Amino acid sequence: MKENKFNLPSINEARRRTKCAAKIEHLEFKIPEDIKDLGVGRSYFIRTYGCQANERDSEILAGILETMGYQKSEEFDKADLILLNTCAIRQNAEEKVFGEIGNLKRLKRTNPELIIGVCGCMAQEEATIKRLLSKYPWVDLVFGTHNLYNLPQLLKNVLFSKEKTIEVFSKEGEVIEDLPSSRLQKHKAWVNIMYGCDKFCAYCIVPYTRGKERSRLMEDILKEIDELIAEGYKEVCLLGQNVNAYGRDLDIKGGFGALLEAVAKTGIPRIRFMTSHPWNFDDQTIAICAKYPNIMPYIHLPLQSGNDEILRKMNRRYSAKEYKELYDKLKKAIPGCSFTTDIIVGFPNESDEAFKDTLDMVDYCQYDNAFTFIFSRRKGTPAYDMEDAIDMKTKEERLAILNKKVAHYANLANQRFLNTVVEVLVDGPSKKNPDIYAGYSKENKLVNFKANNVKIGDLVKVKITAVKSFSLDGEMIEDK
Ligand code: SAH
Ligand code: SF4
Ligand code: F3S
């Protein structure tokens, strides 16, 4: 099969940034007459890897497919269309996806009509496309993160011309509004406030796979949230790779703080946001977090490293001291706030002393939880070529030491809830035991609790009776 008829991505192209803001297009999403019912009698299954940006994209893909008449299949191997919405953040994330694509060969053999599609961040990488073309010929469709809206046309091409179809744009286009979406949950919702990332942390592939920072208009975000409230949603999580940069590209006055305040004023019971880069976290935003009780007292504040030299090499734009100052300010302003973080160990040439600085920072912040990773080389990023004398065994040992510390503080942080009453938004019966319900507290603690007569989406009071490192146990109490 010839490659030149495909639209292939280029990391070099993806690296470039233009000064002008992205256009915002309010699309009246219409599927052409000839393919409007293409999905009738067919079913789909979407498997999602990676972060919330992908989770949200999968809801939009599901919305588009359902508009075409496709029905959601509960079982992977019964579907007529399988989409893998992939993540490129670390090598092991990618290998997992390639393993899955490998497994699909068997399904394709037993059902030649099956359409297999690969989309998401991996599809934005040149190397992935090459590997797919040469080693995984049973993949029918590949598209990227910038052209979800084109799925109907792409499917038409695959189904009618029976040809492999690849369409990946290296660069972002307009911000497209008003795409259909089929949300996974009916009580809490992801809401994109911006796309892309301009931070270019030296290790990270996201600025290349997701394009430049593009904010949505405040009015579009608020309209979406008003609709969610009308549908009975209790919680929204505002999504961006770096929410504190919200509105800068459009010169929106007050930036993220102003947006957050407007969302708080809608009266939705619970507001969360992810992720806050420490660099742009301004005082106005902190004051707003402190002022509105429906902004949840929970902040994910990625640290990455506690050492200035490594932070500089990572291009994180803050020092350990600045991070600490921000943490102190937040902790003081928002009583009872819980904090989580992301940490990378084994960044190129990270010394024992540098690693110790990270451990010291964990001692200082005593996080409620931390997501910890061993540095993974991503082709096309600045850190890909950095010299590294640290062997994998040392990195693994450091990860184990760090994880032990993280678990210790997670447990300690949870102790503060023992015998207290917390408010929980009910997610549903627990998977393991249908008599036990699960949900999250305001502080984003997973709570498993005994209850009668509760429904998904109820806000209930739970007395905490036992504490584990990564969850709380309790019993519902009736409101008096
Ligand atoms: N925009 C978010 C991060 C998204 S990626 C932020 O800046 O906070 C989630 C996490 O994956 C990062 O915080 C980082 O800790 C980790 N990560 C990203 N690239 C990585 C790499 N190449 N190797 C190891 N971990 C990585
Ligand atoms: Fe990656 Fe840094 Fe952007 Fe986060 S802020 S997505 S870590 S480049
Ligand atoms: Fe992965 Fe892409 Fe998210 S690389 S972490 S799915 S933005």
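Refer to the structure presented above.
Thresholds, definitions, all that
- Residues numbered from 1 in each chain as written.
- Chains lettered and ligands numbered in written order.
- Predicted model: local features only at pLDDT ≥ 70, side-chain atom pairs only at ≥ 80, totals over all residues.
- Heavy atoms only, no water.
- Helix = DSSP H or I, 4+ residues; strand = E, 2+ residues; numbered from the N terminus.
- Rg over C-alpha atoms; globule rule 2.2 N^0.38 Å.
- Buried < 20%, exposed > 50% of the residue type's maximum accessible area, 1.4 Å probe, protein only.
- Contact = heavy atoms within 4.5 Å.
- Areas by Shrake-Rupley, 256 points an atom, 1.4 Å probe, with all protein chains shown as cover.
- Near = heavy atom within 4 Å.
- Polar contact = N/O pair within 3.5 Å; in protein donor to acceptor, adjacent residues only side chain to side chain.
- Nonpolar A, V, L, I, M, F, W, Y, C, P; charged D, E, K, R; others polar.
- Domains from an automatic or database assignment.
- Expected span 1.5 Å × (residues − 1).
- Arc of directions from axis to C-beta.

Visitor: Would you mind showing me how to read the overall build of the chain here?
Guide: Looking only at helices and strands, the chain has 13 helices and 21 strands in total. For the chain, the C-alpha radius of gyration of 23 Å lies close to 23 Å, the compact-globule estimate for 480 residues. Based on the C-alpha atoms only, the size of the chain along its principal axes is roughly 65 × 60 × 45 Å. Taken over 480 residues, the chain has a buried fraction of 55%. For the chain, restricting intrachain contacts to residue pairs at least 6 apart in sequence, the fraction spanning at least 24 positions comes to 77%. As displayed, the chain has an accessible area near 21,800 Å², and 50% of this comes from carbon and sulfur atoms.

Visitor: Please clarify how the environment of E325 should be interpreted in this entry.
Guide: By the element assignment, E325 lies in helix α11 (residues 320–333). A relative accessible area of 42% places E325 in the partly exposed class. Residues E325 and S73, 252 residues apart in the sequence, show an inter-C-alpha distance of 49 Å.

Visitor: Please explain the site of ligand 1 as it appears in this structure.
Guide: Neighbouring residues of ligand 1: 15 residues in total, closest Q241, P302, Q304, D342 and S376. Here Q241 contributes a backbone N or O atom positioned 2.8 Å from a nitrogen atom of ligand 1. Here an oxygen atom of ligand 1 sits 2.7 Å away from a polar atom, N or O, in the side chain of Q304. Coverage of ligand 1 by the protein amounts to 90% of the 550 Å² it exposes when considered alone. Taken together, the elements giving at least two residues each to the shell around ligand 1 come down to β15 (338–345) and β16 (369–374). For the shell around ligand 1, the per-class residue count stands at seven nonpolar, four polar and four charged. Shared between two domains, the shell around ligand 1 takes at least three residues from each, and those domains are domain 2 (185–296) and domain 3 (297–415).

Visitor: What am I meant to see in the site of ligand 3 here?
Guide: Near ligand 3 you find C51, N54, C87, A88, I89, C121, V206, R210 and Q241, and these make up its full shell. In the shell around ligand 3, the residues fall into six nonpolar, two polar and one charged. Summarising the domain contributions, the shell around ligand 3 has at least three residues from each of domain 1 (2–9 + 21–167) and domain 2 (185–296).

Visitor: Would you mind showing me how to read helix α12 (residues 352–365) here?
Guide: Because each turn of an α-helix spans 3.6 residues, side chains separated by three or four positions in sequence point in the same direction. Over its 14 residues, α12 extends 20 Å from the first C-alpha to the last, a length consistent with the 20 Å expected when each residue adds 1.5 Å. When α12 is considered as a whole, its buried residues turn out to be A354, F355, T358, L359, M361, V362 and C365. Buried residues of α12, viewed axially, fall in a sector of 155°; they line one side. The outward face of α12, more than 90 degrees from its buried face, is lined by the exposed residues D352 and E353. On the buried face of α12, the contacting elements are α10 (308–314), α11, β15 and α13 (392–415). The first or second residue beyond α12 is Q366, which carries a positive phi of 45°.

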